[in-house]
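Inside the fold
Listed below, chain by chain, are the residues.
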Amino acid sequence: MIQPTGKNRDDRAMATTLTLTLTFLFLLLSASVSGKCTTTTATKTFEKCISLPTQQASIAWTYHPHNATLDLCFFGTFISPSGWVGWGINPDTPSQMTGSRVLIAFPDPNSGQLILLPYVLDSSVKLQKGPLLSRPLDILRLSSSSASLYGGNMATIRNGASVQIYASVKLSSNNTKIHHVWNRGLYVQGYSPTIHPTTSTDLSSFSTFDVTSGFATVKKNSGSRALKVTHGVINAVAWGFLLPAGAVTARYLRQMQSIGPTWFYIHAAIQLTGFLLGTIGFSLGMVLGRNSPGVTYGLHRSLGIATFTLAALQTLALLFRPKTTNKFRRYWKSYHHFVGYGCVVMGVVNVFQGFDVLREGGSYAKLGYCMCLSTLVGVCVAMEVNSWVVFCRKAKEEKMKREGLTDDRCSSGIHS
């Protein structure tokens, strides 16, 4: 067994120290990004506060147990001068926007001043069947509410502007846990806030906290990161690499007469392997979609369904492949080539869409995939150039034979 030298031990110690330092800096940065809470505002002081896990938001409150009244202030930020910021309570179901009673602050379309209106997020809002219209908060006993911008009357609504939403809510005496939600959007049409962004951060803006202890719990999204990464890796290998590689083998290996029909079996093996892996990845995507209601990546989903459908048609087409002597053979080949290349292009495009969905646009994983794809493209270019060189050489030789130039040159070379 080789014993580590002193230099190796020093290098290992330096690596460990560097790792711990980077971890500490990451935690420190995460803490700073999450937002700090405060119990003091320009008009009121509260007893407790907590920082919320997303959007740099926080909440402060005072609970009055003698009458079960909760006075609170939500701190949020605008992401657009024409956007909105909202906070609310789901009286029945934790970790869900649907069913929540919310207060949404946004600039008045007529005066431009900050206003605060109540809304109920029912299932029709989730499905975007109609605009979100203001209405009383029925079952939520709200005694007062108001909103103000940080900075007083001279503050203006802009990107990054801080807003404070005040509310006084009557709770049940035997329940001190609040299921609350918060979010922000880019636009308001009239007095109807439009749907908020659908990034993972925006879709996880909910938690439950106890008004007496201040203890908060956050339920993680059921579409786990590990499952998303597995879905992405499998599909990148299947649709993004194996299918293009299979198309390359069919195009260039068949020109090598020395290997005979072996090229077909190589092509079929690669494509079938890619299709089977892609089916697994597609199934994982369906599971992720089912476990994440309300989360829709329209283009990524559409491309995934289209790619899987075309690949399934390609696989089934093998069962109906006419013989080489059949007059419909050429039509089948045209269909096979058109559908195959379309499937390859959409698969590669959707892999890049998947990197955007996972927010891995600048990651080493994407860089590695780009390098693999670039290598495959380089092989294609080299093989294509070689094919054209061989084709042009053969065409020239055939032309020379037809014109009788080959024999003349050979004879002149013998006599010289």
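Up top is the structure.
Owing to the predicted nature of the structure, the values given are computational and were not obtained by experimental measurement.

1. Thoughts on the state of the cysteines
Per the counting criterion, the structure on display carries one disulfide. For Cys37, the disulfide goes to Cys49, at an S-S distance of 2.3 Å. Judged by the sign of its S-S torsion, about 45°, the bond between Cys37 and Cys49 is right-handed. Separated by 12 residues along the polypeptide, Cys37 in the loop between α1 (6–33) and β1 (48–51) and Cys49 in strand β1 bring together distant segments of the chain. For Cys37, a relative accessible area of 30% translates into the label partly exposed. Overall, Cys49 belongs to the partly exposed group, its relative accessible area being 22%.

2. A closer look at the sheet that holds β1
Read across the open sheet, the five strands follow the order β1-β2-β3-β8-β7; overall the sheet is antiparallel. Strand pairing shows two members of the sheet lacking a second neighbour, β1 and β7 (142–149), which therefore form its edges. Put simply, the sheet's adjacent strands are angled 15° from each other on average, direction ignored. The sheet contact formed by β1 and strand β2 (residues 58–64) spans four bridges and is antiparallel. Along β2, the bridge assignment pairs Lys48 with Trp61.

3. Things to note about helix α3 (residues 225–252)
Along an α-helix, residues three or four positions apart point the same way, because every turn accommodates 3.6 residues. Helix length check: α3 (28 residues) gives 39 Å between terminal C-alpha atoms against 40 Å at 1.5 Å per residue, within 8%. Along α3, the sharpest kink reaches roughly 30°, centred on Leu242 and followed within four residues by the proline Pro244.

4. Some details on unusual backbone geometry
Non-glycine residue Gln55 carries a positive phi angle of around 65°. Here Gln55 is to be found in the loop between β1 and β2. With relative accessibility at 10%, the residue Gln55 sits in the buried group. Of note, the phi angle at Ala68 is positive, near 55°, even though the residue is not glycine.

Thresholds, definitions, all that
Numbering of residues starts from 1 in every chain and runs along the sequence as written. Only residues with pLDDT of at least 70 are given local features in this predicted model, and only at 80 or more are side-chain atom pairs given and counted; all residues enter the totals for whole chains, interfaces and linings. The basis for the side-chain values is all heavy atoms of the structure; hydrogens and waters are excluded. For the purposes of this analysis, a disulfide is any pair of cysteine sulfur atoms at a distance within 2.5 Å. In this text, helices come from DSSP runs of H or I with a minimum length of four residues, and strands from runs of E with a minimum of two, each type numbered from the N-terminal end. The classification of residues rests on relative accessible area computed with a 1.4 Å probe and restricted to protein chains. Under 20% of the type maximum is buried, over 50% is exposed, and intermediate values are partly exposed. The rule for pairing is simple: two strands pair if DSSP sees at least two bridges between them. For every element, the axis is a line fit to its C-alpha atoms; helices are fit only across the contacting stretch, and the angle between N-to-C directions ranges from 0 to 180 degrees. To estimate how far a helix should reach, multiply one less than its number of residues by 1.5 Å. The angle between axes fitted to the seven residues ending at a residue and the seven residues starting there is what we call the bend at that residue.

By themselves, these figures tell us nothing about what the structure is for.
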